[in-house]
Amino acid sequence: METQTQTVKKETKVPTEKMTGAEAVIRCLLAEGVDLIYGYPGGAIMPVYDELYKYQDQLHHVLTRHEQGATHAAQGYARTSGRVGVAIATSGPGATNFVTGIADAQIDSTPMVCITGQVGSHLLGSDAFQETDIIGISTPITKWNHQVTKAEDIPTVLAKAFYIARSGRPGPVLIDITKDAQFDELDFVYEKCKGVRSYQAIPDTDPKSLEDAAKLINGAKKPMIIFGQGVILGEAEEELKNFIEKTGIPATWTILGLSALPTSHPLNVGMVGMHGNYGPNKLTNECDVLLAIGMRFDDRVTGKLETYAKQAKVVHFEIDPAEVDKNVKVEVAVMGDVKNTLAKILPLVKSGTYDSWLQEFKDYDAIEYDKVIKKELFPSKEKLSMGEVLRGINLETKGDAVIVSDVGQHQMIACRYAEFTKTKSNVTSGGLGTMGFALPAAIGAKMGAPDREVIAIIGDGGYQMTIQELGTIFQTKVPVKIVVLNNDFLGMVRQWQQLFFDKRYASTELVNPDFIKIAEGYHIKSKRVTERENLQDAIAEMIACEGPYFLEVCVEKENNVFPMIPTGASVSDIRLE
């Protein structure tokens, strides 16, 4: 009788290490390639901070002056580096102070992992000191969240957190870890997450959708592109440029899409939306094929939906199925990663020229320049305008800087007039419109792109919402440049009060402190400009400064930002004055 040799396959055990849950948190971050985090310590997260102390040569922690500042800094870092931003805080008020930044990251699709400490698991639900149900609070504003009560769950949960935050349409994830889970021990082993059951990060692309889209594009007489931040998040800038240049289609952008295509590109015809350019808004309702690439038809872009692009066949290049047909009914949805879908459709589309159609944009540009732009960039008024400050910055930076803007009139001016030659250059709060965003976000943006000039453009109102982060700049010496455009008003609200509330300036005029003395208190070099003849030299001095710099420019108090689409109006009703 013959004997058969059977080979028994033995399972290979992955070697483990014994450690606390707190140390496991740090080791998970290192395994994900994290080398920089923003945060603020407290009782419920203290075990993690104690372990962080041991790893400070490998994992740099930036102590912000407020937990909200930590989230915005993590956002700025993510936006310029393309990596996942990480923020850490304690329970209770530490965790709830994260909420604004998390909500901002969710609506602007910013990849971020937030870690909060929590009271011991035996105290959950008992209203213990600094206990807050941050999981319940953050559920509507996170891509995913999870509470960890056992040390052994930490590696798996954090691996999943990073995968979800960065995959598909990015977003913020919050992980809440009880204090006992941080103290308890586990056998540590870390494996990166490569997929999650029932979660498809990137939808499949239907080949027929590419063919149908190409047919519409090739037959169009007046096609128009609107591209958004999805192009930047998908690293599809080159694919977008190739597509635009082959088809010859004029391209417009949303606020968060700005810088995906150089502002000087001959087919870049400007910004759409409430304070966008005259031509792109007007011609939205005249184009015959509208190509939406990595954008979500926000209400600030569409205006009155009942009248938005009703004459056009809409082709939507999108990664998130939830955005298709949500606001605007589309003819063809091209699902998938826009980097891949633009590359796949390129051979299917024909080269085109649309000279007469492009001339319509140029004609509108001429009208806008005469009625709005010339007066903003080259004002005849004695007082300085916000626009001429941006023009001065353009002259010094040649479009190579990262501009981080806050929220308000200055934000719209920055987005309208800043010049960009590189992608990931425009960092601002889009969907949530968070005043106070820019100062901490600029800190993160500079740390995410240390070789680039980073300039924060802030209004005097938003500046004072997170002004404490000057302390973070002082401690870290991060060389950000801060420009406060001071009009002694909450400018955007005042503009609405002037136009729609008969100039009843209710609670919008500001009595401001001496911003120069405050900057000097943090040992930040500073200057105030009130006269036009001193502006360019001051900007040049700021750019030349090797360290952080604060520049206050006193501008016209009651200047308005135009063009403007009134709330509830059609994009065709855009006003020039």
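Conventions and cut-offs
Residues numbered from 1 in each chain as written. Predicted model: local features only at pLDDT ≥ 70, side-chain atom pairs only at ≥ 80, totals over all residues. Heavy atoms only, no water. Helix = DSSP H or I, 4+ residues; strand = E, 2+ residues; numbered from the N terminus. Rg over C-alpha atoms; globule rule 2.2 N^0.38 Å. Buried < 20%, exposed > 50% of the residue type's maximum accessible area, 1.4 Å probe, protein only. Contact = heavy atoms within 4.5 Å. 1 Å grid on protein atoms, 1.4 Å probe; cavity = no way out; pocket = protein on both sides within 12 Å on 5 of 7 lines; lining within 4 Å. Points joined across faces, edges and corners; volume = space filled by probe spheres on them. Nonpolar A, V, L, I, M, F, W, Y, C, P; charged D, E, K, R; others polar. pLDDT = per-residue confidence, 0-100. Phe/Tyr/Trp six-rings, centres within 6.5 Å; stacked < 30°, edge-to-face > 60°. Axes fitted to C-alpha atoms, helices over the stretch in contact; angles between N-to-C directions. Parallel < 35°, antiparallel > 145°, perpendicular 65-115°, else oblique. Left-handed = near helix turned anticlockwise from the far one by under 90°. Patch = residues over 30% accessible without salt bridge, like charges linked within 9 Å, V, L, I, M, F, W, Y side chains within 5 Å. Areas by Shrake-Rupley, 256 points an atom, 1.4 Å probe, with all protein chains shown as cover. Salt bridge = Lys/Arg side-chain N within 4 Å of Asp/Glu carboxyl O. Lys, Arg positive; Asp, Glu negative; His and termini not counted. Charge placed at Lys NZ, Arg CZ, Asp CG, Glu CD. Polar contact = N/O pair within 3.5 Å; in protein donor to acceptor, adjacent residues only side chain to side chain.

Caption draft 1: Fine view of the overall build of the protein. Tallying secondary structure elements over the protein gives 23 helices and 20 strands in all. On C-alpha atoms alone, the protein measures out to a radius of gyration of 25 Å, which is about the 25 Å that the 2.2 N^0.38 rule sets for 577 residues. In the protein, which comprises 577 residues, the share counted as buried stands at 57%. Contacts in the protein between residues far apart in sequence, at least 24 positions, make up 76% of those at least 6 positions apart.

Caption draft 2: Looking closely at empty space enclosed by the protein. One pass over the structure, following the stated rule, counts one cavity of 30 Å³ or more. Empty space within the largest cavity amounts to approximately 40 Å³. Of the residues that constitute the lining of the largest cavity, the class distribution is four nonpolar, three polar and two charged.

Caption draft 3: Spotlight on helix 1 (residues 21-31). Of all 11 residues that make up helix 1, eight are buried, and the element is covered over most of its length. Among all positions in helix 1, only Gly 21, Ala 22, Glu 23, Ala 24, Val 25, Ile 26, Cys 28 and Leu 29 are buried. After helix 1 finishes, the residue Gly 33 shows a positive phi value of roughly 80 degrees.

Caption draft 4: Just the confidence of the model for the protein, in detail. The predicted model of the protein has a mean per-residue pLDDT of 96, with 98% of residues at 70 or higher. With pLDDT under 50 throughout, residues 1-10 is counted as low confidence; its partners more than four residues away or in other chains account for zero contacts.

Caption draft 5: Structural detail: the layout of surface pockets. Taken as a whole, the second largest pocket encloses approximately 640 Å³ of empty space. Lining of the second largest pocket is provided by 23 residues; of these, Thr 263, Asn 268, Gly 270, Asn 277 and Arg 416 occupy positions nearest its centre. Listing elements by their share of the lining of the second largest pocket, those giving two or more residues are strand 11 (268-271), helix 15 (355-377), helix 16 (386-397) and helix 17 (409-417). Residue classes in the lining of the second largest pocket are distributed as 10 nonpolar, seven polar and six charged.

Caption draft 6: Just the packing of aromatic side chains, in detail. Applying the stated criterion to the full structure yields nine aromatic pairs. Residues Phe 188 and Tyr 190 carry aromatic rings whose centres are separated by 6.5 Å and whose planes lie at 15 degrees to one another, so their mutual orientation is stacked. The pair formed by Phe 188 and Tyr 190 is uniform in burial state, with each residue classed as buried. Judged by centre distance (5.1 Å) and plane angle (75 degrees), the ring pair of Trp 357 and Phe 361 falls under edge-to-face. With a gap of four residues between them, Trp 357 and Phe 361 both fall in helix 15, about one helical turn apart. In this structure Phe 361 comes out as buried when scored by relative accessible area, which is 1%.

Caption draft 7: Structural context of the packing of helix 1 against helix 7 (residues 154-166). As a packed pair, helix 1 and helix 7 sit with axes 10 Å apart at the nearest point and diverge in direction by 30 degrees. Relative to helix 7, helix 1 is oriented roughly parallel. Relative to helix 7, helix 1 is oriented so that their crossing is right-handed. Residues Gly 21, Ala 24, Val 25, Cys 28 and Leu 29 of helix 1 form the contact with helix 7, whose participating residues are Ile 154, Pro 155, Leu 158 and Phe 162.

Caption draft 8: Examining a negative patch on the surface more closely. A surface patch of negative charge is lined by Glu 152, Asp 153, Asp 184 and Glu 185. Position of Glu 185 relative to the elements: it lies in strand 8 (residues 185-188).

Caption draft 9: The side chain of His 72, seen in detail. Tracing the backbone through its elements, the reader meets His 72 in helix 3 (residues 67-81). Of note is the side chain of His 72, whose polar atom sits 3.0 Å from the side chain of Gln 68. One polar contact links His 72 to Gln 75, side chain to side chain, over a distance of 2.8 Å. Those residues within four positions of His 72 in sequence are excluded, and the remaining contacts are Thr 100, Gly 101, Thr 434, Gly 436, Phe 437, Pro 440 and Ala 441.

Caption draft 10: Representation of the packing of helix 16 against helix 23 (residues 535-544) in the model. Between helix 16 and helix 23, the shortest axis-to-axis distance is 9 Å and the interhelical angle comes to 50 degrees. By the criterion of interaxial angle, the relationship of helix 16 to helix 23 is oblique. Considering only the axes of helix 16 and helix 23, their crossing is right-handed. For the pair formed by helix 16 and helix 23, the contact residues are Glu 388, Val 389, Gly 392, Ile 393, Leu 395, Glu 396 and Thr 397 on the first element and Leu 535, Gln 536, Ile 539, Ala 540 and Ile 543 on the second. Among the residues making up the contact of helix 16 with helix 23, the classes are represented as seven nonpolar, three polar and two charged.

Caption draft 11: Structural view of the pattern of salt bridges. The final tally for this structure, using the stated rule, is 24 salt bridges. For Asp 320, the salt bridge identified is with Arg 169, shortest N-O distance 2.8 Å. Of the two residues, Asp 320 sits in the loop between strand 13 (313-318) and strand 14 (332-335) while Arg 169 sits in the loop between helix 7 and strand 7 (172-178), which places them 151 residues apart along the sequence. Residue Arg 169 is classed as partly exposed on the basis of its relative accessible area of 22%. Among the ionic pairs, Glu 388 bridges to Arg 532, the shortest N-O distance being 2.8 Å. One end of the pair, Glu 388, is in helix 16; the other, Arg 532, is in the loop between strand 19 (525-529) and helix 23, and 144 residues separate them in sequence. We classify Arg 532 as partly exposed; its relative accessible area is 30%. Shared partners join several salt bridges into a network, and the residues in it are Arg 169, Asp 320, Glu 323 and Lys 326.

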